[in-house]
Amino acid sequence: MDILYLPELGHFALILALVMASVQAIFPLAGSLTRQPLWLAYAQPAAWAQFVFLGISFLLLASSFLLDDFSVVYVANNSNSALPWFYKLSAVWGAHEGSLLLWLLLLAGWTFAVSLSKGLPADVLGRALSVLGFVSVGMLLFVILTSNPFDRYLPRIPTDGADLNPLLQDPGLAFHPPLLYMGYVGFAVTFAFALAALWSGKLDTAWARWSRPWTSVAWAFLTAGIALGSWWAYYELGWGGWWFWDPVENASLLPWLLGTALMHSLAVTEKRGLFKSWTLLLAIATFSTSLLGFFLVRSGVLNSVHAFANDPDRGLFLLLLLGLTIGLSLLIYALRVPNLKAKAAYSLLSRDVFLLANNVLLVVATLTVLLGTIYPLLMDALNQGKISVGPPYFNALFVPQMLLLGIFMGLGPLSDWKSMQWSKLKRKIWLAGLLSLLLGFAILPWIYDGSWSLAVALGLTLFLWIATTSIRDIWEASRGKKGWKGISRSRWGMMGGHLGAALIVLGVTMVSNYGEERDVRMAVGEPVSVKGYEFTLVSLGQRQGPNFTADTAVVEMRSDEGKLLKTFTPEKRLYQVRGMPMTQVSIDWGPLRDVYVAMGESLDDQAYAMRIHYKPFVRWIWWGGFIAAFSALLAVTDRRYRIRVPETAPAEAGTSRQQG
Amino acid sequence: MTPKRKKKLWILGLMLAGVSVTVGLTLFALSSNINLFFTPTQIQAGEAPENRQIRAGGMVVEGSVKRDPDSLRVRFAVTDSNAQVWINYDKILPDLFREGQGIVAVGELNADRELIASEVLAKHDENYMPPEVAEALEAAGKLPSGSQESSEATEATY
């Protein structure tokens, strides 16, 4: 009967983790105030212990899932004995309480990785760990006080669980939250470094060099997490879109935009010693938006298509946590930053200024998205009525901002630090500029569609501009002494990141302008024509799955000449335990276009409402995202992060952190 | 003015110009894209504007759903138990749409105070009530009992 006590042990481990996190937070703080190096040294072992106890806690919750212990409320609400074992595992983070535990475990994992880095001076390391400890204490208190995953149903134990939300019974979604959280939590490390640097007053470029790899790794995870989420929404929600400007999506976009700005401004700070106070502020803001997103999603204040439980206590606690984090860090910032003075000079035509433009644009974009997301909340709180802000707002503002950003994305890599002659820059960019304008603006839209529109022309020009300037940059790098082998990994990383962005631009341009979405009534045997293809509903049927019943359809796609191209078998499933309907999409995918068939609703015996979507180049959006994420990881493995301080951790930690 | 100051002034000026243009555009875009929510009672009282995008919602009236036999066109009424509004729609209704369920529709009112919807939203979770609808029902003094607790018991996550 020992297994029955596992949840209590897990709960106990969670409390021990809180104790350890408190030690990790308070001892270095006290030590640095009273100048006791020994107290500062407490941080490391405390961080390790916290990681171990959170690991134990997480494993125990996972084993409650695997053992079908439905006396645990969280397990009973989110699992079922019929669920396959891998979904039982992913169900651990399938809802509020467990996903918080995952968040904490990942934070402890990052903290553990930081504590192993040997390149850092002991006092900076101790202080950074202290900051991470405080973050962890706040979240642990939140979990233990308001969202304990180990609560029991006693004495009336349910005989079976309420099942995992069918939307989440999908491999894409099993990995989506951990990746996303790795990103969110990863920015806590940069945040901690920034506060530690402010606190100790050691704001040299070394600080920027430590922060860079951590920021890049966090950014890579966040990018991959968002891309995966977008892909999942595309094929699993059955709406056929890849981005909806839903508040929950926006909540993940905010730290991504600021994180992108942070990566670039850290580069300026490391290389040139400029923008120090700005970079610090960005580091604070990036993590703050991570927390803000967490608050928006978890407190239930958002009116989102994603349904969440509404619990005022939780919301208040999170709001308090958010306010404390932002308030305290800005206070420290305000007290310390006036001492910062940048000495370096730079001219208007320089990489410094182009990166500054990148930062300004990204921050403006962040504010745009933030405003559109919280405006309805503010209006509601002020009793100005219930409003919602529609996608046209975001598209009208975000798209031009990104167009401008794209121009600087091309200029940045080809320009020199500090200053450069216009004639030199012109020599480097004229070919790329001419090619993009000629092909993208004038020729390609005609070739693809036989007509011309401004939106397509701008999008394709931008795609070619970013791509050709990236290639030009890497070609220039290859003309060094060692040729192609002499190109550093961070240079490759930058090119890959920019190419990924270019591919996203390509995908977005094509799918938004040439995509076709048709909702049609399909009767058996009556063909429907979409985008030059002919679709025929051949038959309707029904089928019994392991934990669902399904309406099935067979749809044939034929070309103009009547040649059979593809047979689609979409399904409309009804998951019995929750009584929840699900759309199983059938996709004919390819690099140039996806054709997407989803079942809507039954109209009568012989007819069904169907969605038929034609999506050109849609996959490039996700491929671009993954290429960018991979490139960021590649850049982190660059030699220079290892060479200056031989044993420094970032490069190795990049791999060890993934286990966290 | 030293060249350095001049340069800083330029950068500052450009940033200011950029920010003010952005703020202007943002406010304009925001004001033309916010969709106010109206309850059926408010709509029947003539408080909602015509020919402007709004949101309306309530419980779908039992037996009110009428389909066109040859297309996707569908017509149904929503109510807050005081008044009801007809909604016309020609796309696929969401999975969780059914009679008696709380929904929110986005669209424009026509002269007959019927909503021509461009989007109909029902939540992923069948027990979940859109907050606007819950409040509308509450304002009309008729919240179906039990819907609040059940929405907490079956939370869904992203």
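Here is a short report on the structure shown in this document. Just so you know, these numbers come straight off a predicted model, no measurement behind them.

## What about the interface of chain B and chain A?
Then, in step 1: Facing 42 residues of chain B, the contacting portion of chain A comprises 59 residues.
Then, in step 2: Here chain B meets chain A over a buried area of about 4,600 Å², counting both sides, of which 61% is carbon and sulfur.
Then, in step 3: Run the count over chain B and chain A and you get two salt bridges.
Then, in step 4: Here Glu601 of chain A and Arg67 of chain B are joined by a salt bridge, their closest N and O atoms 2.5 Å apart.

## Description of the nonpolar core
Residues and elements named next belong to chain A.
Then, in step 1: Within the largest apolar cluster, 136 residues are counted, with the highest numbers of intra-cluster contacts made by Leu54, Trp103, Trp110, Met139, Phe193 and Trp207.
Then, in step 2: When residues of this core are assigned to their parent elements, the largest contribution, 17 residues, is made by helix α8 (residues 171-200).
Then, in step 3: Residues lining this core come from more than one domain, with at least three contributed by each of domain 1 (1-163) and domain 2 (516-616).
Then, in step 4: Discounting chain neighbours no more than four positions away, the residues touching Phe193 are Val114, Leu120, Ala128, Trp207, Trp210, Ser211 and Trp214.

## A few points about the pattern of salt bridges
Residues and elements named next belong to chain A.
Then, in step 1: Going through the model one piece at a time under the given rule, you end up with 22 salt bridges over all chains.
Then, in step 2: The shortest N-O distance in the salt bridge between Asp68 and Lys88 comes to 3.2 Å. Linking Asp68 in the loop between α3 (43-66) and α4 (73-78) with Lys88 in helix α5 (residues 85-90), this pair joins segments that are 20 residues apart in sequence.
Then, in step 3: Take Asp68: its relative accessible area is 22%, and that puts it in the partly exposed class.
Then, in step 4: Judged by its relative accessible area of 8%, Lys88 falls in the buried class.
Then, in step 5: Linked by salt bridges that have partners in common, Asp416, Lys424, Lys428, Arg472 and Glu476 make up one network.

## A word on helix α16 (residues 454-477) of chain A
Then, in step 1: End to end, α16 of chain A covers 34 Å across 24 residues, agreeing with the expected 34 Å (1.5 Å per residue, within 8%).
Then, in step 2: Of all 24 residues making up α16 of chain A, 19 are buried, and the element is well covered by its neighbours.

## Comments concerning the environment of Asn33 of chain B
Then, in step 1: Of note, Asn33 of chain B is situated in helix α1 (residues 3-33).
Then, in step 2: Spatially, the C-alpha atoms of Asn33 of chain B and Arg52 of chain B are 9.9 Å apart, while their sequence positions differ by 19 residues.
Then, in step 3: Each residue touching Asn33 of chain B, except ones within four places of it in the same chain, is listed here: Ser388, Val389, Gly390, Pro392 and Tyr393 of chain A.

Procedures and definitions
- Residues numbered from 1 in each chain as written.
- Chains lettered and ligands numbered in written order.
- Predicted model: local features only at pLDDT ≥ 70, side-chain atom pairs only at ≥ 80, totals over all residues.
- Heavy atoms only, no water.
- Contact = heavy atoms within 4.5 Å.
- Buried area = accessible area lost by both parts, 1.4 Å probe.
- Salt bridge = Lys/Arg side-chain N within 4 Å of Asp/Glu carboxyl O.
- Core = buried A, V, L, I, M, F, W, Y, C linked by side-chain atoms within 4.5 Å.
- Buried < 20%, exposed > 50% of the residue type's maximum accessible area, 1.4 Å probe, protein only.
- Helix = DSSP H or I, 4+ residues; strand = E, 2+ residues; numbered from the N terminus.
- Domains from an automatic or database assignment.
- Expected span 1.5 Å × (residues − 1).

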